[in-house]
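So you can see what is in the structure, the chains are spelled out below.
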Amino acid sequence: MLKVAVIGAGVNGVSSAIKILEHYQNAKRNVQVTIISDEFTPNTTGDGSAGLWGPFLLGGTDEKKVYKWSKDVHLFLEQIWLSEDAGEAGVCLIPCVRLSTNPNAAVGDFWRDIVYGAMDLTPAQLEVYNRNRDVKFTSGLSFVTYTSEPIKLLPYLMKRFVRRGGIVLQQRITNLEGFVKDSAYDVIVNCTGLGSRQLLNDEQMYSVRGQVCRVKANWVYEVLLDESDDGNYIIPNTESVVLGGTHQEKDYNLKVCPKDKSFIVDGCRRLLPGLNHAQHLFDWVGLRPGREQLRLEAVKCGSKLLIHNYGHGGSGVTLAWGCAEDVLQLLLAAKLTAKL
Ligand SMILES: Cc1cc2nc3c(=O)[nH]c(=O)nc-3n(C[C@H](O)[C@H](O)[C@H](O)COP(=O)(O)OP(=O)(O)OC[C@H]3O[C@@H](n4cnc5c(N)ncnc54)[C@H](O)[C@@H]3O)c2cc1C
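Residues numbered from 1 in each chain as written. Predicted model: local features only at pLDDT ≥ 70, side-chain atom pairs only at ≥ 80, totals over all residues. Heavy atoms only, no water.

Just so we agree on the cut-off: UniProt positions are given in the numbering used here, feature names are shortened, and annotations may be inferred rather than shown by experiment.
The name an unreviewed UniProt entry assigns to the protein chain is FAD dependent oxidoreductase domain-containing protein, from the organism Drosophila rubida. The Sequence similarities (unreviewed entry) field of the UniProt record for the protein chain holds the comment "Belongs to the DAMOX/DASOX family." Regarding the protein chain, the UniProt comment filed under Cofactor (unreviewed entry) reads as follows: "FAD".

Observations regarding the packing of helix H1 (residues 11–26) against helix H5 (residues 150–163)
Let me state the cut-off plainly: Helix axes are fitted to C-alpha atoms over the stretch in contact, other axes to C-alpha atoms as well, and angles between N-to-C directions run from 0 to 180 degrees. Counting from the N terminus, the helices are DSSP H or I runs at least four residues long and the strands are E runs at least two residues long. The labels follow the angle: roughly parallel below 35 degrees, roughly antiparallel above 145, roughly perpendicular from 65 to 115, and oblique for the rest. In this scheme the handedness of a crossing depends on how the near helix is turned from the far one: anticlockwise by less than a right angle means left-handed, clockwise means right-handed. By definition, residues are in contact when any of their heavy atoms lie within 4.5 Å. Three classes are used, and their members are as follows: Ala, Val, Leu, Ile, Met, Phe, Trp, Tyr, Cys and Pro are nonpolar, Asp, Glu, Lys and Arg are charged, and the others, Gly among them, are polar.
Between H1 and H5, the shortest axis-to-axis distance is 10 Å and the interhelical angle comes to 30°. With respect to H5, the axis of H1 lies roughly parallel. Of the two elements, H1 crosses H5, and the hand of that crossing is left-handed. Along the contact surface, H1 presents Val11, Val14, Ser15, Ala17, Ile18, Leu21 and Glu22, while H5 presents Pro150, Leu154, Leu157, Met158, Arg160 and Phe161. The class makeup of the residues in the contact of H1 with H5 is 10 nonpolar, one polar and two charged.

Details of the site of the ligand
Let me state the cut-off plainly: A single heavy atom is enough: if one lies within 4 Å of a molecule or strand, its residue is considered near that molecule or strand. Contacts described as polar in this section are N or O atom pairs within 3.5 Å, which, within protein, must combine one atom able to donate a hydrogen with one able to accept it, while residues neighboring in sequence count only if both atoms come from side chains. The accessible surface values rely on the Shrake-Rupley method and a 1.4 Å probe; as for residues, cover is taken only from the protein chains in view.
Close to the ligand lie 35 residues; Asn12, Asp38, Thr45, Gly313 and Thr318 are nearest. At 2.7 Å from an oxygen atom of the ligand is found a side-chain nitrogen or oxygen belonging to Thr318. Surface burial for the ligand is 94%, taken as the share of its 1,000 Å² of free accessible area covered by protein chains. Among the elements of the structure, H1, strand S8 (205–216), strand S13 (279–291) and helix H9 (316–333) are those that each provide at least two residues to the shell around the ligand. In terms of residue count, S13 provides more of the shell around the ligand than any other element does, four residues in total. Residues belonging to the shell around the ligand are distributed by class as follows: 10 nonpolar, 21 polar and four charged.

Notes on the UniProt feature "binding site: D-dopa" (unreviewed entry) in the protein chain
Test applied: Note on exposure labels: buried denotes an accessible area under 20% of the residue type's maximum, exposed denotes more than 50%, and partly exposed covers the range between, all computed with a 1.4 Å probe on protein chains only.
Cross-referencing UniProt, the feature "binding site: D-dopa" (unreviewed entry) maps to Tyr233, Arg288 and Gly314 in the present numbering. Apart from the residues within four sequence positions on either side, Tyr233 is in contact with Val212, Leu224, Leu225, Val242, Leu243, Gly244, Gly245, Cys268 and Arg288. Along the chain, Gly314 falls in the loop between strand S15 (304–310) and H9. Gly314 gets classed as partly exposed once you look at its relative accessible area, which sits at 25%. Apart from the residues within four sequence positions on either side, Gly314 is in contact with Phe56, Leu57 and Arg288.

Regarding the pattern of salt bridges
Selection criterion: Whenever a carboxyl oxygen of Asp or Glu lies within 4 Å of a side-chain nitrogen of Lys or Arg, that contact is scored as a salt bridge.
Taken as a whole and judged by the stated rule, the model has 13 salt bridges. The salt bridge partner of Arg291 is Asp202, with a shortest N-O separation of 2.9 Å. With Arg291 in strand S13 and Asp202 in the loop between helix H7 (196–199) and S8, this pair connects stretches of sequence that are 89 residues apart. With respect to burial, Arg291 and Asp202 carry one shared label: buried. One connected set of salt bridges, linked through shared partners, spans Lys68, Asp72 and Asp326.

Side note on the packing of aromatic side chains
Put simply, the test is: Aromatic pairs are defined between Phe, Tyr and Trp rings, using the six-membered ring for Trp, whenever the two ring centres lie within 6.5 Å; interplanar angles under 30 degrees are classed as stacked, those over 60 as edge-to-face, and all others as tilted.
Inspection of the entire model under this criterion finds six aromatic pairs. Both rings, one in Trp111 and one in Phe143, keep their centres 5.2 Å apart while their planes meet at 65°; by these two values the pair is edge-to-face. Note that Trp111 is positioned in the loop between strand S3 (91–100) and strand S4 (116–120) and Phe143 in strand S5 (residues 139–148), a separation of 32 residues in sequence. Between Tyr116 and Tyr146, the ring centres sit 5.8 Å apart and the planes meet at 80°, which makes this aromatic pair edge-to-face.

Remarks on unusual backbone geometry
Of note, the bond from Thr41 into Pro42 is cis; its omega dihedral lies within 30 degrees of zero at 15°. At Lys28, a residue that is not glycine, the phi angle is positive and equals roughly 55°. Residue placement: Lys28 occurs in the loop between H1 and strand S2 (31–37). One non-glycine residue, Lys250, lies in the positive phi region at around 60°.

Topic: a nonpolar patch on the surface
So the rule is basically this: Like charges within 9 Å and nonpolar side chains (Val, Leu, Ile, Met, Phe, Trp, Tyr) within 5 Å are joined into patches, using only residues over 30% in relative accessible area that form no salt bridge.
On the surface, a nonpolar cluster with roughly 300 Å² of combined accessible area is contributed by Trp81, Leu82 and Leu93. Here Trp81 lies in helix H2 (residues 63–81).

Here we look at the environment of Asp109
Inspection of the secondary structure puts Asp109 in the loop between S3 and S4. Considering only alpha carbons, one finds Asp109 and Gly46, 63 residues apart in sequence, at a separation of 24 Å.

So, H5
Our working definition: Expected helix span is given by 1.5 Å per residue-to-residue step, counting one fewer step than there are residues.
An ideal rise of 1.5 Å per residue puts 20 Å on 14 residues; H5 measures up with 19 Å between its terminal C-alpha atoms. Along H5, the residues classified as buried are Pro150, Leu153, Leu154, Tyr156, Leu157, Met158, Arg160 and Phe161. Backbone geometry just downstream of H5 places Gly165 in the positive-phi region, at approximately 95°.

Details of H1
In this model, H1 (16 residues) spans 22 Å end to end at C-alpha, consistent with the 22 Å of a helix rising 1.5 Å per residue. Of all the 16 residues making up H1, 13 are buried; the element is thus mostly covered by neighbouring parts of the structure. Of the residues flanking the end of H1, it is Lys28, one or two places downstream, whose phi is positive at about 55°.

Dropping the structure here:
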């Protein structure tokens, strides 16, 4: 029997674990997959995020790879959206508008053929968003895509994993090298996100702090994203609307900062004045696993295989299922068939 341990129960760990388990089971191969993690939903980085599809804050990660991974995820979300699981998994189809104030560069859109109906905004459409603004938006893109809020998606995926016989253990790994060497697992998949900074002494890893504010505003049905460096965003989820947000590099403060809160609330109200009357629910801070480049590679350790899958920055939800497919392909390429 092939024994696989996936370390980390965020979107990337759970997606990788399901991909491996379901592939081997469907091929009628003998496999045991265990997720080992110190925290689970609702306490992972993704749990506070809005889970909007869209590549964001990925350092110098190869655009071609990002395109492939994010396209895989869009198809995965489309399948859930078209299934009876959409509500339980928190997958919603939603119109979005991305706006830029940079006159020299249009809104980034190498992914525009992945989303539905992408169209550049006309000057007249831009004008609607420019009312009452000193700094004007100079370009914009409208399209339709998905949100898959991890606070719902993760319990759904965990259930899917356990239903297929996946094992779940709560444990903190402090010495990865020792764990790979001494444990009974043949394959170890490292999906510890920012935890890899300490676990591997990976100096390329850094936090990208994100503070958001959740409000009740059931009348908001559109995602609004100001792409400027100091821009705000508004993303409706099923039970609340996420107002954002900050992206402070190398800031590890998990406490809510009042100055950031004013920036978020005031900025979002400027974008959508109706938010003045929205009921405040709670504020939240998470640390995105930033890295110069996302790390997805396999390392042979004697007879064992260690696969790294971490550093997804502000796009973990957008890339998880696609990266999990690459994790599976790395495992298959290692040809550990003797174990099966
Ligand atoms: C404010 C904010 C908004 C965001 N919005 C979006 C969005 O709209 N769309 C999007 O795609 N992305 C978004 N993101 C980014 C996304 O949340 C992350 O990229 C994603 O959650 C990373 O997932 P992960 O599984 O790699 O890591 P994590 O979710 O951090 O999971 C790491 C797991 O490893 C475990 N772990 C760590 N170290 C150890 C150890 N030593 N031993 C055992 N277990 C360990 C942890 O307990 C955890 O379970 C947002 C992030 C923030 C902060």
